Structure formats: structure tokens, C-alpha cells
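# Topology and contacts: notes
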Amino acid sequence: MKALDELTFDNRFARLGDAFSTHVLPEPLDEPRLVVVSNAAMALLDLDPAAAETPVFAELFGGHKLWAQAQPRAMVYSGHQFGGYSPQLGDGRGLLLGEVYNQAGEHWDLHLKGAGLTPYSRMGDGRAVLRSSIREFLASEALHALGIPSSRAVCVIGSNTPVWREKQERGAMVLRLAHSHIRFGHFEYFYYTKKPEQQKELAEHVLSLHYPECMEQPEPYLAMFREIVERNAEMIAKWQAYGFCHGVMNTDNMSILGITFDFGPFAFLDDFDAHFICNHSDHEGRYSFSNQVPIGQWNLSALAQALTPFISVDALKETLGLYLPLYQAHYLDLMRRRLGLTTAEDDDQKLVEQLLKLMQNSGVDYTLFFRRLGDESAALAVARLRDDFVDLAGFDAWAEQYKARVERDGKCSEAQRRERMHAVNPLYILRNYLAQNAIAAAESGDYSEVRRLHEVLSKPFEEQAGMEQYAQRPPDWGKHLEISCSS
Ligand code: AMP
Ligand code: MG
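Residues numbered from 1 in each chain as written. Chains lettered and ligands numbered in written order. Predicted model: local features only at pLDDT ≥ 70, side-chain atom pairs only at ≥ 80, totals over all residues. Heavy atoms only, no water.

Moving on: the coordination of the magnesium ion (ligand 2). Summarising the metal site, the magnesium ion (ligand 2) is bound by the protein donors Asn253 (OD1) and Asp262 (OD), whose distances to it range over 2.0 to 2.1 Å. When sorted by exposure, Asn253 lands in the same class as Asp262, which is buried. (Donors = N, O, S within 2.8 Å, 3.2 Å for Na, K, Ca; no water. Buried < 20%, exposed > 50% of the residue type's maximum accessible area, 1.4 Å probe, protein only.)

Listing the buried residues of helix H12 (residues 378-385) in full gives Ala378, Ala381, Val382 and Leu385. For H12, the angular spread of the buried residues around the axis is 95°, confining them to a single face. Lining the buried residues of H12 we find helix H11 (366-373), helix H13 (392-409) and helix H14 (414-422). (Helix = DSSP H or I, 4+ residues; strand = E, 2+ residues; numbered from the N terminus. Arc of directions from axis to C-beta. Contact = heavy atoms within 4.5 Å.)

With that out of the way, let us pick up the packing of aromatic side chains. A complete count under the given rule lists 26 aromatic pairs for this structure. Ring geometry for Phe272 against Phe289: centres 6.2 Å apart, planes inclined by 85°, an arrangement best described as edge-to-face. Of this pair, Phe272 sits in the loop between strand S13 (267-268) and helix H7 (292-306) while Phe289 is found in the loop between S13 and H7, placing the two residues 17 residues apart along the sequence. The buried category is assigned to Phe289, whose relative accessible area is 3%. Centroid distance Trp398 to Tyr402: 5.0 Å. Interplanar angle 10°. Geometry classified as stacked. On the criterion of helical spacing, the pair formed by Trp398 and Tyr402 is a turn pair, its members being 4 residues apart in helix H13. With respect to burial, Trp398 and Tyr402 carry one shared label: buried. (Phe/Tyr/Trp six-rings, centres within 6.5 Å; stacked < 30°, edge-to-face > 60°.)

Moving on, we come to the side chain of Asn232. On the secondary structure map, Asn232 appears in helix H6 (residues 220-242). At 2.9 Å, the side chain of Asn232 and the backbone oxygen of Ile228 are in polar contact. Those residues in contact with Asn232 that sit more than four places away from it in its chain are Phe184, Met254, Gly258, Leu300 and Tyr323. (Polar contact = N/O pair within 3.5 Å; in protein donor to acceptor, adjacent residues only side chain to side chain.)

To continue, consider the site of ligand 1. Within the structure, ligand 1 sits among 16 residues, and Gly90, Gly92, Arg122, Asp125 and Gly126 are positioned closest to it. Between ligand 1 and Gly90 there is a distance of 2.6 Å, counted from an oxygen atom to a backbone nitrogen or oxygen. In this structure, a nitrogen atom belonging to ligand 1 sits 3.2 Å away from a main-chain N or O atom of Arg127. Surface burial for ligand 1 is 79%, taken as the share of its 480 Å² of free accessible area covered by protein chains. Here the shell around ligand 1 is composed, by residue class, of 2 nonpolar, 7 polar and 7 charged. (Near = heavy atom within 4 Å. Areas by Shrake-Rupley, 256 points an atom, 1.4 Å probe, with all protein chains shown as cover. Nonpolar A, V, L, I, M, F, W, Y, C, P; charged D, E, K, R; others polar.)

Glancing now at unusual backbone geometry. One non-glycine residue with positive phi stands out, namely Phe82, at about 50°. Among the secondary structure elements, Phe82 is positioned in the loop between strand S4 (79-81) and strand S5 (84-86). For Phe82, a relative accessible area of 36% puts it in the partly exposed group. Although it is not a glycine, Asp262 adopts a positive phi angle of roughly 60°. Mapped onto the secondary structure, Asp262 falls in the loop between strand S12 (244-245) and S13. Classification of Asp262 by relative accessible area gives buried; the value is 13%.

Before going further, it helps to spend a moment on the pattern of salt bridges. Scanning the model with the defined rule gives 34 salt bridges in all. A salt bridge links Arg405 to Asp409; its shortest N-O distance comes to 3.6 Å. You can see Arg405 and its partner Asp409 sitting in helix H13, 4 residues apart, about one turn around the helix. Judged by relative accessible area, Arg405 falls into the buried class, the value being 2%. (Salt bridge = Lys/Arg side-chain N within 4 Å of Asp/Glu carboxyl O.)

The next thing to look at is the environment of Ala70. Mapped onto the fold, Ala70 is located in the loop between helix H2 (55-61) and strand S3 (73-75). Separated by 274 residues in the primary sequence, Ala70 and Ala344 place their C-alpha atoms 51 Å from one another. Once residues lying within four places of it in the same chain are set aside, the contact partners of Ala70 are Phe9, Asn11 and Leu97.

Let us look at the nonpolar core. Counting 164 residues, the largest nonpolar core has Phe57, Phe369 and Trp398 as its most contacted members. In terms of residue count, the dominant contributor to this core is H6 (14 residues). Shared between two domains, this core takes at least three residues from each, and those domains are domain 1 (4-184) and domain 2 (339-422). In this structure Phe369 touches Leu355, Met359, Val364, Leu385, Phe389, Phe395 and Trp398, once residues within four positions along its chain are discounted. (Core = buried A, V, L, I, M, F, W, Y, C linked by side-chain atoms within 4.5 Å. Domains from an automatic or database assignment.)

Turning our eyes to something else, we now look at the pairing of strand S7 (residues 107-113). For S7, a buried count of 7 out of 7 residues is recorded, marking the element as mostly surrounded by other parts of the structure. Here S7 shows a buried face lined by His107, Asp109, His111 and Lys113 and a second buried face lined by Trp108, Leu110 and Leu112. Both strand S6 (residues 94-101) and S7 contribute to a ladder of 7 bridges, which runs antiparallel. In the sheet register, Leu95 faces S7, and the bridge partner there is Leu112. As consecutive antiparallel partners, S6 and S7 are separated by 5 residues, and within that stretch Gly105 has a phi angle of approximately 85°, a positive value. Bridging between S7 and strand S11 (residues 168-178) involves 5 bridges; their strand directions are antiparallel. Bridging across to S11, Lys113 finds its partner in Val174. (Pairing = 2+ DSSP bridges.)

Of all 11 residues making up S11, 9 are buried, and the element is well covered by its neighbours. Pairing of strand S8 (residues 128-129) with S11 involves 2 bridges; the strand directions are antiparallel. Residue pairing across strands places Val129 opposite Gly171, the latter belonging to S11. Summarising the sheet, strand S9 (residues 152-158) and S11 pair through 5 bridges and their orientation is antiparallel. Paired with Ala153 across the strands is Arg176, a residue of S11. Two elements, strand S10 (residues 162-164) and S11, share 3 bridges in a ladder whose sense is antiparallel. In the sheet register, Pro162 faces S11, and the bridge partner there is Arg170. Connecting S10 to the antiparallel partner S11 that follows it, the hairpin turn spans 3 residues.

Purely geometric numbers; function is a separate question.
Next up, the structure:
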């Protein structure tokens, strides 16, 4: 375990120089205070959790103090936003403080979001509000606990700094961790600004530091692109299998590492709804739940375009062609496991699709359905779940097929079935209304709810005593909360 002042830095991205990022100091928040901390994320930095309680912690992550070895930088990138190209974005309110390496030899970017104005702030104020900072914190740690690749979050620091959104709110900062903050949009920036030397430097940086195994391949950049395609296919399969809607899949929000990144108006589905749009500014539904799958491919094509200086168009196209089949294989594998199946049959895809259609038509809670399906034998479970469906004949027909399929899958005891299914079907997910309750309390100065919710979500598959209220369908007021893009 290390004390706060014992972190060791190795700022590899900063060393790329001024063409890639700009030195900017954080602008401190007034009266910074700890809102919530993730001990699991602290451990990635070898930090003693007790360090979070010391005043210097809130000063460091509230922008008042810096380590001597830190080199705060705002990164430049661009990206496709809602399908249109924005030639210059960049860290408008977040700073890469530096890269810390831990005792396991891993490097972690420390990224402070909400740290003030940068040359890339455009019309923005460089700040993030408490509400969106809590949402990002909870989501990144909850996704990780579900086994979905994501950036991580160490803490939220609250403050008295006034910040204007639709109304006056208060500024906050999140300390985010990732092995890299390089986005698809970084490659697009150097490609479209026609800076081939820097683009090469960036590509070499990513290849050597983040995809070293690809350097052994005959075509290292192609191998790297293939790996990025594979990781995205797997990540998006997990989003779809667990009902996560990202909300703003612009290419500047897509990580080169295939992790969930840059949280905005995201949501986990309550009722299953393939057409769900979580971002109320997304009028066309470009980033609706089911569109996430083709948009994943669209984004990879945008990256492919930016990689044309290094890889032939034919090879890029062929590799892009792997995305959908890989996605489908991962998705089906996960859904089979969610249904308690251990073998594969050709008709499993249909079994999943029919179930989702029934759930959609009856507004069935996506998370609780699968959890309850594993509570007891297939026959008992479907008999109990039947009441949730409006189309009873449709559900009965599905249930008969399912029971027969479970039978063919092989014998297992009820206890084995429960254990196997509960290990992949969470009881607790980050429902919007739960986040909303925690935010409302935190905005009035009570951080206990956000801390408790974070705790519960850190073990989503384990039933926790006294936490029944976190495993319920939303109350009426919490059903279709509109989440604003402003953050
Ligand atoms: P986002 O929608 O959060 O992914 O942000 C898109 C772009 O806008 C990025 O370049 C952000 O850094 C920038 N941005 C978002 N909010 C702000 C803000 N309040 N101040 C400055 N820049 C911002
Ligand atoms: Mg972003």
C-alpha cells in the first residue's frame, strides 16, 4: 500500500509533445470535499483506502494540489458527432494529470474531469456538475463489476463552485482511470488535419504500449485494428446482453482500447425496449439501444478511414467484416448463459429473439426476469414469471420450447442451476431512478446514498441482506426519466 505522495509517474503520452496535448493547470474547486470513493479503483493505484479520508485527498482531486511528477495536459482530438465530422474537439474540461504505474507494472492514466478551461473548451465552461460526475462514477464502477470493460473511477469531489446548466448547480470532479485515454477521434484528428508524421507517432505509441502482442504479427497495424474490432464487438455484445445504453456513441467517445468510455445520458434498461433512446437530445434515435450494434460498426469504419495511411483498404474492409459475426457470437454466448444453457443449438438465436419480443410487448423488467428465471427449476420459474406477460399464449409457447431446450441441455440440480445463472444474471443494476435518488441526496449534502448504492453495485450478482429496495422495478416517477445531455 502506498501513501498519496508515493505514486510513481511515467508520463508517456505527455512525452509525445505539444502537437498532441497542451500543458494546462487544473482550476481548483471551492471547498473541495470527498463525495464517494471506490476502494477497488484505489487499489489499482496501490493506494491505501484510508488516504481518501485525509484533507489532502480532496485537495489533490479538487484541483488545489499536484504531485511534483504530474504533467497535466489537455489532449487534442476530433471526431464524428451524431454522424457529422467535428474537426476539433479535445479535452475541453478534463486533464490527463499523468500516468501512474503500480506494483503490478500496469500504467494507469489519471484523468481529472471537470478541471477547468483548456484551449479545447470551445463554448463550454470547463466544468462538470455533481450530478453528471456521480453518474459517471457509479456507471464506470458498476459496469466493471458486471464484467463489462470500462474506464474506472477513483472518486468524486464535490464543491461550492457554482456552475450554470439549466439552473445553477455545483461543480465537481471525477478522477477517471484507464490504461489510455486515446480515442478513435485522436486518429481522425491527425488524419483529417493531414499530419502524417504525427499520425505515425500516435499509431506507434498505441501499438507499442497498448497492443505490443501485435508487433509480432506480419502486419502489426492490421493486427492492431483487428484487435480493436474484436474488443468493440465484445464490449457492445455485453452492453446489449445486459441492457446498457451508452447514449452518445460519437467517435470521440470511443476508446482505442475497446472500453466503455465518456459517460453522458447513459441508461440501463428497466423494461426491455429495443428502441429505447436514453439521450433526450437524440431525436432520430441514432444511438437507440438496438442501433448500438450497427453504430459500433459505423464507428469502426470511421477509424478505418483514419488508418488508411497504414493499412490497405481491402484489408481494412475484410477486418471490418469480422465485426458483426464476432458480435453475434459473443452476444449469443452471453444470452445462452443468461438462460442457463451450457450447450449451443442452431435455434438458440430464435429462442432469444422470441423472448425479447414478448418482453418488449409486455414491458417486462429485463434484469429481474433473468434473475428470477434462475431462482428455481425452469418449469417452476416460467410458471411464476408468466404473470408478467400480457400475451399469455405467446409466453406459454415460448416457455414450452424453453423447458424442452433446458431438458436437452443436460441434467443439473436446482441448486446448480441457480448458482450458474445467478453468477451471470445481476440482481442489482444502476437504474436511472436509483442514481437519481442518490444524486438528490448528494445535492443536499448527504452522500450516504451514493456511497451505499456504489457498494451494492460493486457486487451485482450477490444477494445482499437488507438491500431489497435496490432490486425492484422503478416506481412510477422513476420509469422514463429523461436524462439531459448537459453535464
Ligand atoms: P462530451 O459530450 O462530454 O463527450 O463532450 C464533447 C466535447 O465537448 C469534448 O471536447 C468535451 O471536452 C467538450 N465539453 C463538454 N462539456 C464541456 C464543458 N462544460 N466545458 C468545456 N468543454 C466541454
Ligand atoms: Mg466526450
